[in-house]
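One-letter residues, chain by chain:
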Amino acid sequence: MQTVDTIKPVELATTSAAQEENWTEVIEPRTGVFDLRLGDVWRYRDLVMLFVRRDFVSNYKQTILGPIWFFIQPLLTTITFYIIFGRVAQLGTDGIPPFVFYLAGNTVWGYFSQSLTAVSTVFTTNAAMFSKVYFPRLTMPLSIVISNLVRFGIQFGLFLLVWGYYLFTTDNLHPNALMLLTPVLVVLMGLLSLGLGMIFSALTTKYRDLAMLLTFGVQLALYATPVIYPLSKVPAKYMWLILANPMSAITETFRVAFLGAGTFSWLYLGYSTAATLVILLFGIIIFNRVEKSFTDTV
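First, a word on what this report is: a plain description of the structure on this page. (Residues numbered from 1 in each chain as written. Predicted model: local features only at pLDDT ≥ 70, side-chain atom pairs only at ≥ 80, totals over all residues. Heavy atoms only, no water.)

### Brief notes about a nonpolar patch on the surface
On the surface, a cluster of nonpolar side chains totalling about 460 Å² of accessible area is made up of L76, I79, I83, I84 and V88. Considering the arrangement of structural elements, one finds I83 in helix α4 (residues 69–88). What makes I83 partly exposed here is its relative accessible area of 45%. (Patch = residues over 30% accessible without salt bridge, like charges linked within 9 Å, V, L, I, M, F, W, Y side chains within 5 Å. Areas by Shrake-Rupley, 256 points an atom, 1.4 Å probe, with all protein chains shown as cover. Salt bridge = Lys/Arg side-chain N within 4 Å of Asp/Glu carboxyl O. Helix = DSSP H or I, 4+ residues; strand = E, 2+ residues; numbered from the N terminus. Buried < 20%, exposed > 50% of the residue type's maximum accessible area, 1.4 Å probe, protein only.)

### Re the nonpolar core
Core analysis: the biggest nonpolar cluster contains 67 residues, and V100 and F159 have the highest contact counts within it. Ranked by residue count, the leading element in this core is helix α5 (residues 98–119), at 12 residues. Look past the residues within four positions of V100 in its chain and what remains in contact with it is F159, V162, W163, Y166, L173 and L259. (Core = buried A, V, L, I, M, F, W, Y, C linked by side-chain atoms within 4.5 Å. Contact = heavy atoms within 4.5 Å.)

### Some points on unusual backbone geometry
Positive phi outside glycine occurs at Q90, with the angle close to 55°. Along the polypeptide, Q90 turns up in the loop between α4 and α5. With a relative accessible area of 63%, Q90 lands in the exposed category. In this structure, D94 takes a positive phi of about 60° despite not being glycine. Within the element layout of this structure, D94 appears in the loop between α4 and α5.

### Notes on the pattern of salt bridges
The full count for this structure, using the stated rule, is one salt bridge. Close ionic contact of E252 with R255 constitutes a salt bridge, the shortest N to O distance being 3.7 Å. Within this pair, E252 and its partner R255 are both found in helix α12 (residues 246–259), separated by three residues, close to a single helical turn. By relative accessible area, R255 is classed as buried at 1%.

### A short note on the packing of aromatic side chains
Under the counting rule described, the total for this entry stands at 16 aromatic pairs. Judged by centre distance (5.8 Å) and plane angle (20°), the rings of F152 and F156 are stacked. Highlighted residues: F152 and F156, both in helix α8 (residues 139–169), separated by four residues, approximately one helical turn. Both rings, one in F264 and one in W266, keep their centres 5.0 Å apart while their planes meet at 80°; by these two values the pair is edge-to-face. Residue F264 is classed as partly exposed on the basis of its relative accessible area, which comes to 24%. Relative accessible area serves as the criterion here: at 59%, W266 is assigned to the exposed category. An aromatic cluster is present here, built from Y111, F152, F156, F159, W163, F254 and F258 joined pairwise through their rings. The ring centre of F101 lies 3.9 Å from the NZ or CZ of R255, which sits over that ring. (Phe/Tyr/Trp six-rings, centres within 6.5 Å; stacked < 30°, edge-to-face > 60°. Lys NZ or Arg CZ within 6 Å of the ring centre and 35° of its normal.)

### Here's the deal with the packing of α5 against α12
The interhelical angle for the contact between α5 and α12, taken along N-to-C directions, is 140°, at an axis separation of 10 Å. Considering their axes alone, α5 and α12 lie oblique with respect to each other. The two elements α5 and α12 cross, and the hand of that crossing is right-handed. Contact residues: V100, F101, A104, G105, V108, W109 and F112 in α5; M247, T251, F254, R255 and L259 in α12. For the contact of α5 with α12, the per-class residue count stands at nine nonpolar, two polar and one charged. (Axes fitted to C-alpha atoms, helices over the stretch in contact; angles between N-to-C directions. Parallel < 35°, antiparallel > 145°, perpendicular 65-115°, else oblique. Left-handed = near helix turned anticlockwise from the far one by under 90°. Nonpolar A, V, L, I, M, F, W, Y, C, P; charged D, E, K, R; others polar.)

### Comments concerning the packing of helix α9 (residues 182–204) against α12
Where α9 contacts α12, the two axes come as close as 10 Å, and the packing angle between them is 155°. The pairing of α9 with α12 is recorded here as roughly antiparallel in orientation. Crossing handedness for the pair α9 and α12: left-handed. Together, T182, L185, L188, M189 and L192 of α9 and P246, M247, I250, T253, F254 and F258 of α12 make up the contact between the two elements. By residue class, the composition of the contact of α9 with α12 is nine nonpolar, two polar and no charged.

### Topic: the environment of L181
Examined against the element boundaries, L181 turns out to sit in the loop between α8 and α9. For L181, a relative accessible area of 16% translates into the label buried. In the structure, L181 is positioned 76 residues away from A257 in sequence and 8.1 Å away in space, judged by C-alpha atoms. Those residues in contact with L181 that lie beyond four places of it in its chain are T253, F264, W266 and L269.

Written as structure tokens, this is what we have:
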């Protein structure tokens, strides 16, 4: 009996160790503020693509016009800008045809604002899913930015059609080598909206009023970004305020690249890049801190 009693604990320990080795996922608490676990997001990349497909299909599956809204929304907004700011207010556009000028700014701003607004509510709109199953929470806001990137690609195609028309029918457009920076500008817009969105999503778990404040703030931020006016028309005493917005340099660089008019500076673009990376890191840290206890407050 003594021999059996001695062997049993060893067998149980061996069995337990074998079971632990067969686990496909081990959930452990984070040990530090900078324990971001970005490797988990890469391992769940298939889930990210699944969320992207879900967002794309769910938004337009039961609509009459479907993906045609991708074209209608920027066109209607651009026409509104053209009438109000181009015809009524008669704001200057640095010699660029007003319609393509406003469409360029609207294409860039649309991707940023839509991604920011959607990411900012990721906790509240997906609370049921988050509370029932485990997966890296960062995959959800990342999928939103990528799904909006698909929408941006379609709207960017619309911009290229209008841009091509004016390019061959007028002499006012002067595209240049800065067009090669387009992928960089798109990545910066996506990362900036991701970082800011995660900050607001973390805060809205406790303060729901911030969601409505953000919607209003995004509308106001449009006027603090050179979307409906060129940077050259901003008074010198307010220039620093406009340039403090990271989206200002991104929008102006995009416009200079394709239209050949505007203000471009590597210093301004460098500031936008640095600000974007800082905001993104800050957003990921806050997001990961809040995700551990957000179900108690949502």
